[in-house]
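Structural description and commentary
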Amino acid sequence: SDIPRAPHFQDCKKSSEDFTRLDSRQHDGKRPLWTLWKGGDEDNLPLTRRAQRDIWLNQHPRNCSSAKFLLADWESQKTRSSIGVGAELVAMTGLLAVALREGRVLVTKDYHGANHSGCTGSSHSRWSCYFAAEASNECIDRALKLSTLKSAWREGILTSTKNYPPFIVWKEVPVPTTWGRPWESIQRTVELDGSLLSGYKAQDRRWWRTQALRYLMRSPSENLCNLLNRARHDAFGVKAAQIALDLIPREWPEVQYAQPERTPIEKLVWSSLGPWIPRPLVSMHVRQGDKGSEMRVFAFPEYMKLAEHLKRAFPHVRGIWLSTEMENVVEESRSYTDWNFYFTNITRQSGSTSMAAYMAQLGKRRNFDNAFVNLLMAAESDFFIGALGSTWSCIIDGLRMTSGKMMSGFLTVNPINELL
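All figures in this text were calculated on a predicted structure; none of them were measured in a lab.

1. Some remarks on the sheet that holds strand β2 (residues 105–108)
If you walk across this open sheet you meet the three strands as β2-β1-β3, and the pairing is parallel. Edge positions in the sheet fall to β2 and β3 (158–160), since each has one partner strand and no second. Adjacent strand axes in the sheet meet at a mean angle of 25°, parallel and antiparallel pairs treated alike. In this structure, strand β1 (residues 69–72) lies alongside β2, joined through four bridges in parallel fashion. Pairing of L70 across the sheet is with L106, part of β2. In the packing of helix α6 (residues 137–146) onto the sheet, contacts are made with β1, β2 and β3, and the angle to β1 comes to roughly 75°.

See below:
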């Protein structure tokens, strides 16, 4: 209480309470408050606002007792082979499409990534350990209770992942037709080799996956918010302290420095802008390692060529949030002294270690905590560089296109992963 509020910290308890209130129906049963004020479609994919509203209404029916459900396995629960965090998210977007087409509420089974000591209470082993729950608590509770009744399965009140062919979550996603064909008017904002990409395959699937990912990750949990506070403090803490101290009078006051009362615009408007980060900030996701078996990988200097291209257009850009699994990339970044690199403090891969072996070495809690912190820090950035042959880069790109940053563009070293 003796110094100004740290600008890079978020009050996670309060923000979680605020989101819960905004993400719930009003007392008269009307749609949640966020649909009334939280931005528009001027800098998003076409019909983003409407799609998010409609997905929410499907997942939060007025009366769960009369609803039907799709009780979905996460992909890692169905297969013995290793599958990445990003691929699991992509698969779940396919199941959400099925649920909407059939008028069912999607409820997920236990999430293996949340089965650790960092996820406590009702969020243990649940998606809600990291992000807002996929459906209302009432619907989740009812679906899980019904799952123990043979009659509910026999009567079709519940279906599961086993009721649908595997390819339906990958290449033959039943894209909902509720909104017409908004993907036909997507503006070109991805550059590869100096040209804007256009006409790539599966635009409908790309539009839908992006909307589904935005819904599933529409708000970080209190736990993830605290993890983000820690990551920002490690990366930007010194700069944040300098900013805070500059607000204190030259002579330290004899009386306690009083925190000013927050005004309505601070509480209701500016709070949505989030905590301070050094802007403008570039998100750079460098994917190498064992991904070479699926796509052409590029050395770090190729990514930096794109960064220099960006700096020619925006000379004030100096900061890069660097997400990568490779230790050599972090080491190489130190030679680019004109740039300020920020990244999470975590052990990274060396040599040709597989992603599965690396994840096992890191441990479940650190792996998933680090993954989602990096994802949201990337999404909070102002400019974007990556490898769209990578699922993780595609997810970052999707969050960019549904968070008011469509026109920031995306510079990629390789083509879009058309499987997605």
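2. Topic: the side chain of T48
Position of T48 among the secondary structure elements: in helix α3 (residues 48–59). Given a relative accessible area of 4%, T48 falls into the buried group. Within the structure, the side chain of T48 is placed 2.8 Å from the backbone oxygen of L45, a separation counted as a polar contact. Those residues within four positions of T48 in sequence are excluded, and the remaining contacts are D41, Q211, M401 and T402.

3. Here's the deal with the side chain of T189
Position of T189 relative to the elements: it lies in the loop between β3 and β4 (190–192). Excluding anything up to four places from it in sequence, T189 contacts L196, R400, M406, M407, G409 and F410.

4. Concerning the sheet that holds strand β9 (residues 383–386)
Within a sheet, adjacent strands bond to each other through the backbone by hydrogen bonds, running parallel or antiparallel. With respect to topology, seven strands assemble into an open sheet ordered β5-β4-β10-β9-β6-β7-β8, the strand pairing being mixed. Both edges of this open sheet fall to β5 (195–196) and β8 (340–342), since each of them pairs with a single strand only. Looking at chain direction, β9 and strand β10 (residues 410–412) are connected through two bridges and run parallel. In the strand pairing of β10, I385 is matched with L411. Contacting β6 (281–286), β7 (319–324) and β9, helix α14 (residues 364–379) runs over the sheet at an angle of about 150° to β7.

Definitions and cut-offs
- Numbers given for residues are sequential positions, taken from 1 along each chain in its written order.
- Side-chain atom pairs in this predicted model are given and counted only at pLDDT of 80 or more, local residue features only at pLDDT of at least 70, and totals for whole chains, interfaces and linings cover all residues.
- Computation of side-chain values: all heavy atoms of the structure, hydrogens and water removed.
- For two strands to be treated as a pair, DSSP must find at least two bridges joining them.
- Each helix is a run of H or I in the DSSP string that is no shorter than four residues. Each strand is a run of E no shorter than two, and both are numbered from the N terminus.
- Angles shown run from 0 to 180 degrees and are taken between the N-to-C directions of axes, each axis being a line fitted to C-alpha atoms and, for helices, limited to the stretch in contact.
- Any two residues whose heavy atoms approach within 4.5 Å at even a single point are treated as in contact.
- Only protein chains enter the area calculation, which uses a 1.4 Å probe; residues under 20% of their type maximum are buried, those over 50% are exposed, and those in between are partly exposed.
- Within 3.5 Å is the distance limit for a polar contact, defined as a pair of N or O atoms, with the added protein rule that one can donate a hydrogen and the other accept it, and that residues adjacent in sequence qualify only through two side-chain atoms.

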